[in-house]
Amino acid sequence: MSSLTRPRSGALVSGSAKSDVNPLVSLREVRRDYALGAERVHALQGVSLDVERGDYVAIVGPSGCGKSTLLNLVGVIDQPTSGTVTIAGKRVDAMSDREATSFRLHNIGFVFQRFYLMPILSALENVELPMAEAKVPSDDRKARAAELLEYVGLSSRERHRPSELSGGEQQRVAIARALANHPDILLADEPTGELDARTGAEIISLFRRLNSDGTTIVVVTHDEDLANATRHKVHMRDGRIVDA
Amino acid sequence: MLLPFLAFALILQASLPQTSQRTIAIDEAFAAEAHLKVGDRVAIAARPGASAAADMVVIGAIVRRGADPSQVARGDFVARLHLDQLQRISGYGDRVDRFAIATRRSGDIDRTLLRINHVAFGFRAYRSSDIAVETSRTFQVVSRFHRAIGVITIVASSIFLLCIMVLKVEERRRDIAALRLMGISRSSVVRSIIIEAAVVAVLGSMLGVVLGWATSLFVNWHYQALYRTPLYFSIVTPPVIGLAVSLSLILGVGAGVLASMRLVRTPPLELFGR
Ligand SMILES: Nc1ncnc2c1ncn2[C@@H]1O[C@H](COP(=O)(O)OP(=O)(O)OP(=O)(O)O)[C@@H](O)[C@H]1O
Ligand SMILES: [Mg+2]
């Protein structure tokens, strides 16, 4: 389904076009310290990383090594203590809350370990939600939401509430939702963490399909099968990238 | 308590033909209490037990009670006699304390009032509607008192609503964090919570109005039977509905704003907890 990953038309293309030369995501000497009482935790200690458009990267490493911290910086939901983060040619490391929120809406697709679908909305409405926020006309967003649910294999579940869906189905709705506004990049933190091996495998093959259809993906995972399905693995230890 | 029915007695005497059998009219509460019906013969006297002076009369009419709040709490029974008989039994002669005058046209009232007050020294004439207003003062106070109780009730339940909203919203902090991380703006989150609060407040107050209306039916049924009066003790009027709905809407929306503001001020990652 080429329409899912087709570059956006109109004004929104400019950022993407520029990044065709540069990497889509570029981190330079990124540090992130957390104040924990009087102590400072150095979660990231000078990380530099490029992610090319169309790549599929797994960030792996022991617990507490800073994987989620890194992904949050790429997802513009956190800001580095120092260093720069550039996405699609745009510096995102010091945005205001309002700018960051809008950037996330239009450029980032986030998939969480727990799916965080809105319980009172149907699967279709959950996928429509980010498009409604982006002021996509109702007919267009219904059509696209239906298309996305079909892509993730849930056409028959459009009207179902999250509580009526299995974990694997909920995660697929969440992935469809993450793709709603044609993001530049799909980020996933332990997307198979709550799923059993079989449903996890479905998500793994869905991610592969998405990537081969052109979606840039970065996953953080402890799941060997998921990590092995990606194009590149980035190993981390103690807040640093080792043998990237 | 002879005076209130003197005027009526006057009219009765004027309009009814004199028959050998004297009649009286009693009110329905009296009739029910004493198990009397039209046509019954009773002895009447000015003082209890004064049987020597008693007259035998026939119950000619049973009169429905008016919807007069001032009569409700009183245990009085009313009997209306022809004036001459009343005068004789009571020994009052031709003295009266009060009497009522009906004019043919309402336009004549002012002129009549003026004239009476001008010529009759020691008398004071009032318009009946003024007397009605005067006697219902107490009830206006009571009704204001009720309104105050109502407002206090709604405010108290709104504080309850606020607590529930805060808890409900708190319960969904992770969902809200996820929304914020997806790129849903603060204002959208606040707006949706406020809309939810408004819907809850309006539905709740509507439910309250329906419940109040049903309770009113019961209260009226009960007290009308108890006091034998057609008076309505409790009514749900459009202004009451308006006050209830708008007050809970304002307070509900306020609750929604407070509850959601608390959450959207916190950075989404913190909301997620660890
Ligand atoms: N908000 C925070 N406050 C204080 N310390 C934090 C905070 N977030 C992360 N840390 C610390 O930063 C380090 C990196 O955390 P991070 O969540 O990135 O690890 P991770 O690699 O994702 O681990 P896991 O695989 O267990 O999810 C850890 O030592 C963690 O305790
Ligand atoms: Mg993590």
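Here the structure is a predicted model, which is why all the values come from computation and not from measurement.

Focus: the confidence of the model for chain A
Averaged over every residue, the pLDDT of chain A is 89; the share at 70 or more is 91%. pLDDT under 50 marks residues 5-19 of chain A. Its contacts with residues more than four places away, or in other chains, come to 20 contacts.

A closer look at the site of ligand 1
For ligand 1, the set of nearby residues contains 13 residues, the closest of which are A:Ser63, A:Lys67, A:Ser68, A:Thr69 and A:His222. Those chains with residues close to ligand 1 are chains A and B. Residue A:Lys67 places a side-chain N or O atom 2.6 Å away from an oxygen atom belonging to ligand 1. Between ligand 1 and A:Ser68 there is a distance of 2.7 Å, counted from an oxygen atom to a side-chain nitrogen or oxygen. In isolation ligand 1 has 630 Å² of accessible area, and contact with the protein removes 73% of it. Of all the secondary-structure elements, those providing two or more residues to the shell around ligand 1 are strand 1 (25-36), strand 2 (39-51) and helix 2 (67-74) of chain A. In terms of residues, the shell around ligand 1 owes the most to one element, helix 2 of chain A, which gives three residues. Looking at side-chain class alone, the shell around ligand 1 contains five nonpolar, six polar and two charged residues.

Section: the packing of helix 6 (residues 167-178) of chain A against helix 7 (residues 197-212) of chain A
Residues and elements named next belong to chain A. The geometry of helix 6 relative to helix 7 is characterised by a closest axis approach of 9 Å and an angle of 20° between their N-to-C directions. With respect to their mutual orientation, helix 6 and helix 7 come out roughly parallel. The hand of the helix 6/helix 7 crossing is right-handed. Side by side, helix 6 and helix 7 meet where Gly168, Gln171, Arg172 and Ile175 of the first sit next to Thr199, Glu202, Ile203, Leu206, Phe207 and Leu210 of the second. When grouped by side-chain class, the residues that make up the contact of helix 6 with helix 7 number five nonpolar, three polar and two charged.

Let's talk about the interface of chain A and chain B
How big an interface is tends to be expressed through the accessible area that disappears when the partners come together. Taken together, the contact between chain A and chain B spans 17 residues of the former and 14 residues of the latter. Summing both partners gives a buried area of about 1,500 Å² for chain A against chain B, and 63% of it is carried by carbon and sulfur. Between the two partners, chain A and chain B, sit two salt bridges. For A:Asp97, the salt bridge is made with B:Arg186, and the minimal N-O distance between the two is 3.6 Å. Connecting chain A to chain B are seven residue pairs in polar contact (both at pLDDT 80 or more). Among the residues making up the side of chain A that touches chain B, the classes are represented as nine nonpolar, two polar and six charged.

The rules behind these values
Per chain, residues are indexed from 1 in the order of the written sequence. As they are written, the chains are lettered A onward and the ligands numbered 1 onward, keeping that order. Local features in this predicted model are restricted to residues of pLDDT 70 or higher, and side-chain atom pairs are both shown and tallied only at a pLDDT of 80 or more, whereas totals for entire chains, interfaces and linings draw on every residue. With hydrogens and water excluded, all non-hydrogen atoms of the structure serve as input to the side-chain values. pLDDT is a per-residue confidence score from the predictor, ranging from 0 to 100. Note on contacts: a residue pair qualifies if any of its non-hydrogen atoms lie within 4.5 Å across the two residues. What makes a residue near a molecule or strand is one non-hydrogen atom of that residue sitting within 4 Å of it. Distance and chemistry together define a polar contact, namely a pair of N or O atoms within 3.5 Å, with one atom able to donate a hydrogen and the other to accept it when in protein, and with adjacent residues in sequence counting only for side-chain atoms on both sides. All accessible-area figures derive from a Shrake-Rupley calculation using a 1.4 Å probe, and residue coverage is judged against the displayed protein chains alone. Per the convention used, a helix needs a DSSP run of H or I reaching at least four residues, while a strand needs a run of E reaching at least two, with both numbered from the N terminus. Throughout, the ten residues Ala, Val, Leu, Ile, Met, Phe, Trp, Tyr, Cys and Pro are labelled nonpolar, Asp, Glu, Lys and Arg are labelled charged, and all others, Gly among them, are labelled polar. Each axis is a line fitted through C-alpha atoms, taken for helices only over the stretch in contact, and angles between the N-to-C directions span 0 to 180 degrees. When describing relative orientation, an angle under 35 degrees is termed roughly parallel and one over 145 degrees roughly antiparallel, while 65 to 115 degrees is termed roughly perpendicular and anything else oblique. Crossings are classed by handedness, with left-handed meaning an anticlockwise turn of the near helix from the far one by less than a right angle and right-handed meaning a clockwise turn. By buried area we mean the combined loss of accessible area, with a 1.4 Å probe, across both parts when two parts are placed together. Between Lys or Arg on one side and Asp or Glu on the other, a salt bridge is scored when a side-chain nitrogen of the former is within 4 Å of a carboxyl oxygen of the latter.

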